[in-house]
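Working through the structure, step by step
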Amino acid sequence: FGFPRSRRLRGQGAFKAVMDARVRADCPAFSLHSAPSTASDTRIGISIGRRVGTAAARNRIKRLLREAFRLSQERHPRESPAPYDLVVAVRPHEAMPLEEYRRLLLAGLAHVDAVWRKRAARRAEHEEGPP
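A short tour of the structure in this document, coming up. These numbers come from a predicted model, not from an experiment.

Moving on, we come to the packing of aromatic side chains. The tally for this structure, following the rule as stated, stands at 1 aromatic pair. Consider the rings of phenylalanine 3 and phenylalanine 69, whose centres lie 5.9 Å apart with planes at 80°: the pair is edge-to-face. Taken together, the residues phenylalanine 3 in the segment before helix H1 (12-20) and phenylalanine 69 in helix H2 (residues 55-71) connect sequence positions 66 residues apart. Over the ring of tryptophan 116 we find arginine 119; its NZ or CZ atom is 4.9 Å from the centre of that ring.

Written as structure tokens, this is what we have:
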């Protein structure tokens, strides 16, 4: 599995659009914000502040999160309203093993997917109207 530029969320505007969608999953180490994407695959962006630790610690966490995302690509939702644009807002914590990040990322992705599916079903029901 690769991690090409097309899988990366870039630019302040893209991050803001995802945050404004107001759908998130909270994990102990980070919050996972999401919005349906117009891209062909799920994309990820990582937001990590200085409170998390030194530059070396922040870079290690970013590398682990990107790798967890890359390795879990086959388990990302594929049916509408997926794919998603994701923003991982990291909270201060000690770096965890890669498998823990992968587990948390997939659990968060499953949660936001359920929320978006519920919204899509409600929207379709509303558009259909009463019989």
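Still more to cover.
Of all hydrophobic cores here, the largest spans 34 residues; its most connected members are Phe30, Leu32, Leu65, Val88, Val90 and Tyr101. Of all the secondary-structure elements, those providing two or more residues to this core are H1, strand E1 (23-26), strand E2 (30-36), strand E3 (43-47), H2, strand E4 (84-90) and helix H3 (98-128). For this core, the element with the most residues is H3, which contributes 6 residues. Not counting residues up to four positions away in its chain, the partners in contact with phenylalanine 30 are Ala25, Leu65, Val88, Ala89, Val90, Arg91, Tyr101, Leu104 and Leu105.

Reading across from one edge, E1-E2-E4-E3 is the order of the 4 strands in this open sheet, with mixed pairing throughout. In this open sheet, the two edge strands, each paired with only one partner strand, are E1 and E3. Taken pair by pair, the neighbouring strands of this sheet meet at an average axis angle of 20°, ignoring direction. Bridge analysis of E1 against E2 gives 4 bridges, and the strand direction is antiparallel. Looking at the pairing, valine 23 lines up with serine 34 of E2. With respect to the sheet, H2 is in contact with E2, E3 and E4, its orientation differing from that of E3 by roughly 165°. Of the strands in this sheet, E1, E2 and E4 touch H3, which is tilted by about 40° from E2.

Parameters and conventions
- Residues numbered from 1 in each chain as written.
- Predicted model: local features only at pLDDT ≥ 70, side-chain atom pairs only at ≥ 80, totals over all residues.
- Heavy atoms only, no water.
- Phe/Tyr/Trp six-rings, centres within 6.5 Å; stacked < 30°, edge-to-face > 60°.
- Helix = DSSP H or I, 4+ residues; strand = E, 2+ residues; numbered from the N terminus.
- Lys NZ or Arg CZ within 6 Å of the ring centre and 35° of its normal.
- Core = buried A, V, L, I, M, F, W, Y, C linked by side-chain atoms within 4.5 Å.
- Buried < 20%, exposed > 50% of the residue type's maximum accessible area, 1.4 Å probe, protein only.
- Contact = heavy atoms within 4.5 Å.
- Pairing = 2+ DSSP bridges.
- Axes fitted to C-alpha atoms, helices over the stretch in contact; angles between N-to-C directions.

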